[in-house]
Amino acid sequence: MSALTSLAQLEAVATGRAQPLATVRHCHLAAEPLVMVPLKLAGEAAAPLAVMLGTRAGDPVLLAVPQPRNRDLRFAFAADLAKLVLEHVEASRGRTEELPPAKDGEERIRYGDAPQILVPNRAGVGFLRMLGRSTRFRRTEGPHAVDPSVPRLGRWLTWYADRHDRPGSCLLMTMTETLRLHWATGQSSLEDGNLAALLGWIDPPEGLDGPAAAARAEDPVESPPAGPATDPTFDNEVLAPAIAAYDRDGGDGRAEERVRDVLAAQLTPTWDLMWRAVGLLRALPEGAAVGGRWERDRDAFTWYHSTFDDGHPQARRDPAVRAARRLHDLERAQDAYDAQRAFDDPLVMAEHRLSGQAFGGVVTESDPARLDESGKRPKLRPLLRVSTEDPLQLDVGAAVCNAARPALKGKIVEIGAAGGVLLELTGGMGRKLVPEPGVVPEVGERVCFTSLGVGSWGAAKFPEAEDTPWTHGGPPAEYVPTDDDAAEDWS
Amino acid sequence: MIDTGAAPGPDTGPGAAADAVVGAVLADLSRGHRGVVVDSPPGAGKSTLVVRAAAHLAAAGERLMIVAQTNEQVDDLIERIAGKHPDVSIGRLSASTYLPAARVTAHASVRVATKADDLADRTVVIATAAKWATLTDGTWPWAIVDEAYQMRSDMLLRIAGRFERALFVGDPGQLDPFSTVEVERWAGLTWDPMRSAVSVLLAHNPDLPVHRLPVSWRLPASAAPVVSDAFYPFTRFRSGTGPGDRRLEYAAGGMGTTYDRALDEAASSGWALYELPARHALRTDGQAIQATAALAVRLLQRGGVAHSEQGSAPVGADRIAVGAAHRDQVTAIRAALGEHGASITVDTANRLQGREYDVTVVLHPLSGRRDATAFHLESGRLCVLASRHRHACVVVARAGIPELLDAHPSTDPVHLGVPVKFPDGWEANQSMLAHLARHRVRAHD
Amino acid sequence: MMHDSDMQRLRGGATPRNHDARTIAALTANPGCARRGVMDAAGVDKDAVARRLGFPAPFGQSQFAITRGNAFEAQVKADGCAELLTLLRDRLGLDVPEVAYDDLEVVGGNESREVRHARTRRLVERALGGEGTLFDHPLLRLEIAGQTAYLEPDVIAFQLGGRFHIIEIKSFAVIDGQAEPEQVAAAARQSAVYVLALRRLLEELGADPGRVSHEVFLVCPENFSNRPAATPLDVRPQLAVLERQLARLTRVDQIVGGLPDDLTFDLEDAALPEAVRTVDARYAPECMATCEMAFFCRDEARACGATATLGKAVRDDLGGVDAIGTALALADGSLTPSADLAETAERLRTAARLRREALAAATAAGGPATAESAYAVIPATA
């Protein structure tokens, strides 16, 4: 958040329409994403009620549990869901690329594509995480046996939820967060959590403006919640009687159909919103770094998919080394993601210019051939003076890079009183003592420099799990799923 | 946890009380504990303890590594150890980009290298935690980890393989480690990477001895009880000097302006609250920035002289610091200081940690705010800002902070298994304000 | 203290709404709101007022959740809390002796609260000398702004080692040691109310209130099962806040003192909306989760273009500017700022310039069509 976003929100109020926060799309959008709209039973941790899912707007599949307290029905639901999710996983691998072998000579491959899942909101991710947690430890033989696909689903859902935590990953995205990355509305972030209201501001239906569309979206009758929590009035007045009828019915199917119908009616509006949102996002041009980030997602998918059969279900909690390593990875991903979005999008960079971590302006002086001859060997160190009105917060000596071409690095030498910044360029100009043509900005050129992404650090070293030090409790017992895990109640 | 920090009786002098704790710490180093923890309130002689412990271990023939958090802290420690114990051979392990400071190279006993192998013969090897984390082999029988509460436990995880036993020293009242990403996933785990190194260490080794340095040699008698009550309510400390032992005087008399009255109040009582009229403002509130800078410049102009147990010395620009919560405030204050105050230190709480001045001028983190956030309420932030001074602290704030605190909603999420943090920032702020209110000078009276 | 007659009038003659632990805990949710403070102190039924005003609070509860909660509680308490005792002994490793179980609810049926409280008081007094006592449904009392509120916790006060512990039973799940932080926080706030009320009772009995532990036991279903798990919870922070806010509530009479003498929130009074508006609200979007009046206040804040409707972070970014129109006028330069607002104005103008530049750059590069609409708001200053 910054005054820039706040200003966009004010403009949204004034115009009655959402205002752009991005000029490009900062996420990958698969050609055929798997849209999932889950519902859960109120009062339960992860009792699935229904899910509407599919990869095409016109072709939703509804899975429902007519009596959510019945364990067998839940596992049947999980098996049905597993079938569809695993199909999506297998269908989204694309062509396998052969990569140059790793340093140790090991063969490396990368799948040409990866399966993307879209859910309405953060709570949807939380539900998938819980569903994954409640199914991944299940055994497929012996007592409490479930369909072999159920624990596989659990592991995949857990993997997706973990991947979602990673800044910039697009394997599992929430629609509200993705839209909010690109548009500012005239309501608060809490209200933006309602997908219908958020879309109402971004793309109001014919004849309505943002506020009117959002107001309509807050009526749970006209616009059922996007889940996974259901509307209490729906529960009490519609769903409960339908489930009670199912319990009485003894299986002639009509009561089950009735439960499915009322759930479908709750889910369909959100399903439609999800696809409308996909359309809006698709209309934005893709940011330059999106492809690279998706490649990281594909790498992660390739690795998890190709080692799946050798692996165990993910542990309940991260042991010490994994926790530290993961935090480190996430922080690195966050830094890279923040920098890439700014480099890709002048509107995002404007936020950093306002906060003083970047500055833009016109080059007023340029000495591209300047050499620093104070050392043993001369070094190419062009000087550049940039006139800027931006509220700079960087100090003399700060390392910066060029927003348009981040390889071009430099440092701030002097900050003039009248808003001129003198830069010494230090890298990214080629190996010779004269810069490569066109690399050093010329007088009159508009440029933007920033400290973002300059201090990016390499991957850190961590001990192996078996070397977990005494300060952290020593090596953890190796995790092996137990019968107890498999027998865990799901009530 | 064995709490060995019981305060000696009131009849014990501060010097004796502090010596008793240091003696107990050194004794514990040879008792076979894997770790020893020393909590040090602001200015309680933490660095002195590190120097003594290093010399003690070296004298016992142990090789040891010292872990500090920043290059500046590394150089500070080298300067002190090499100055006090020139016979101890010291290695400074550093990144290739590090340029050795003059105060390091001035000592013949110090060798600087980028590879640990080049320092194998050194009794003491010292580096930042980040540098230690790049090593994958080699072990030292002992480590001293300085500023251990500022270090995240994931950093400790990366370096703990390098030592067999360790002395952990730090100030539990300072700023907590933070992250730019969501960390809820690990809440409640004893090895949560976001917890401080000490917290994780003690969670897994609850029987380690924990000592507390009982005396602040920095904070004057006017400040130690105030800071202790607000930020260390369960681990109180006292000042090493008595009420009359320190005096702040000005060569030039005041002219009766509100700035002068605030400075006079600070000189006579050790504290002043310079209060601007209530108003909601941006962080870079021009009036507040202006007042903060003007107070610092005026202090310099009036030629302060600090009388203390160390003798009398002028309060020059190098003995004055200005503290604020945000970087943009720091930039604005620097600009407002102009050339008169150009050499006065201005920094954020994060960067002022561990530093000491005669007089500080602090822009209150909650000044002019409409709502408090967790960032602004964090007790460590105010604690750092209010505990850097040897003589006096002038706080600049807009009126209305008590109302803001009263109106603050208490809806913080609670995670199971996470120890409650004391003091609560909200309580600590209330406590500090209650005290400052007694030293108020209104800007427009 | 607010006079009974004042409160009677404010309620429009309606019976005061009894506080429970949830409503008392909610007093700390937005303590800066005078409207809420006055209505709560006077025991006004905010839910009824909001409905009457046409902004009913959407705080419905699903019967599935209620059923689940009741079933879990009944299970934990069955057979004299047998399951609970096993849990405390085995899981928490507590050295729980044989206990006497007293259910203080099942008596007669038409007893007054005073009588029931008196019995709780008697039993607690007797227990002070004993050991291993479980009280189910004790009836506790707490003074709220000079009024006595009776708390009927479906919780258990449990005495161990000479100290009382509150046991709070909740039906949200604890999964692998973690639970929803907001739900845990709510449970901690409610438990703190009980701890405080029990402490007050001990004080009345001349006993050391410190014998009521700040550590409560939270009993929740474990993982995806119905099996209960107990987790200790330190509620000291919540207690500190609660005590401070309760002390502060008495200041409501200052607010009431400044209100018209004939002000009433009588549901039948046609001037109800004006009456409510007479008392200032401190609306923030977070209110929607905790206050029955929130949708009315939101509507009011929107109608006057308050920046508060966009959230605290936005309002913070705008420094002291309360009105959206003012902020926009400062941003586009059409309003010359007073000295007070000079910095905010400069910041907004810089933000507007940067937004304009960036959108222009994007439009030049064939950016999104929606970019145009932003230009409509802020004309480029030449």
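Residues numbered from 1 in each chain as written. Chains lettered and ligands numbered in written order. Predicted model: local features only at pLDDT ≥ 70, side-chain atom pairs only at ≥ 80, totals over all residues.

J.: How should unusual backbone geometry be read in this particular structure?
T.: Peptide bonds are trans in most cases, and residues, glycine excluded, mostly fall at negative phi. Of note, the amide linkage connecting glycine 227 of chain A to proline 228 of chain A takes the cis form, showing an omega dihedral of -10 degrees. With respect to the helices and strands, the residue proline 228 of chain A is situated in the loop between helix H8 (210–217) and helix H9 (232–249). A positive phi angle, close to 55 degrees, is found at aspartate 79 of chain C, a residue other than glycine. Counting through the fold element by element, aspartate 79 of chain C comes out in helix H5 (residues 63–90). Here aspartate 176 of chain C, not a glycine, exhibits a phi torsion of approximately 50 degrees, which is positive. In this structure, aspartate 176 of chain C sits in the loop between strand S6 (163–169) and helix H7 (181–204). (Helix = DSSP H or I, 4+ residues; strand = E, 2+ residues; numbered from the N terminus.)

J.: Help me understand the interface of chain A and chain C, please; the structure alone is not making it clear to me.
T.: It is common to give the size of an interface as the accessible area lost on bringing the parts into contact. In this assembly, 49 residues from chain A lie in contact with 50 residues from chain C. At the level of elements, helix H1 (3–15), strand S1 (19–20), helix H3 (122–135), helix H6 (189–192), H9 and helix H13 (346–355) of chain A are the ones that each hand at least two residues to the side of chain A that touches chain C. It is H1 of chain A that provides the largest number of residues to the side of chain A that touches chain C, a total of 11 residues. Tallied by class, the residues present in the side of chain A that touches chain C amount to 24 nonpolar, 14 polar and 11 charged. (Contact = placed C-beta atoms within 7 Å. Nonpolar A, V, L, I, M, F, W, Y, C, P; charged D, E, K, R; others polar.)

J.: What exactly am I supposed to notice about the sheet that holds strand S20 (residues 440–442) of chain B here?
T.: Strand-to-strand pairing in sheets goes through backbone hydrogen bonds, with the strands running parallel or antiparallel. Residues and elements named next belong to chain B. Strand order across the open sheet formed by 6 strands is S17-S16-S18-S19-S13-S20, with parallel pairing between neighbours. The open sheet has two free edges, formed respectively by strand S17 (345–348) and S20, since each of these has just one partner strand. Strand-to-strand twist of the sheet, defined as the mean angle between neighbouring strand axes without regard to direction, takes the value 20 degrees. The sheet contacts of helix H11 (residues 327–337) involve strand S16 (320–324), S17 and strand S18 (357–363), and relative to S17 the element is tilted by about 165 degrees. (Pairing = 2+ DSSP bridges. Axes fitted to C-alpha atoms, helices over the stretch in contact; angles between N-to-C directions.)

J.: Even after reading the chapter, I still don't get the interface of chain A and chain B, so can you show me in this structure?
T.: Counting residues at the interface gives 25 residues for chain A and 26 residues for chain B. For the side of chain A that touches chain B, the residue count by class is 12 nonpolar, 7 polar and 6 charged.

J.: Explanation requested: the packing of H1 of chain A against helix H15 (residues 342–364) of chain C in the structure shown.
T.: As a packed pair, H1 of chain A and H15 of chain C sit with axes 9 Å apart at the nearest point and diverge in direction by 80 degrees. Taken together, the axes of H1 of chain A and H15 of chain C lie roughly perpendicular to each other. Between H1 of chain A and H15 of chain C, the contacting residues are Ala3, Leu4, Leu7 and Ala8 of chain A on the first element and Arg347, Leu348, Ala351, Ala352, Leu354 and Arg355 of chain C on the second. Each residue belonging to the contact of H1 of chain A with H15 of chain C can be placed in one class, and the counts come to 8 nonpolar, no polar and 2 charged. (Parallel < 35°, antiparallel > 145°, perpendicular 65-115°, else oblique.)

J.: Is there a simple way to think about the confidence of the model for chain C in this case?
T.: Any residue range with low pLDDT should be treated as having predicted coordinates unsuitable for detailed reading. Residue and element names in this part refer to chain C. In the predicted model, chain C carries a mean pLDDT of 85, and 92% of its residues have values of at least 70. By mean pLDDT, helix H16 (residues 371–377) is the weakest element of chain C at 35, and helix H12 (residues 294–303) is the strongest at 96. Of the regions scoring below 50 in pLDDT, residues 368–382 engages in 28 contacts with residues more than four places distant in sequence or in other chains. Overall fold confidence (pTM) sits at 0.93, and the ipTM for the predicted complex is 0.92. (pLDDT = per-residue confidence, 0-100.)

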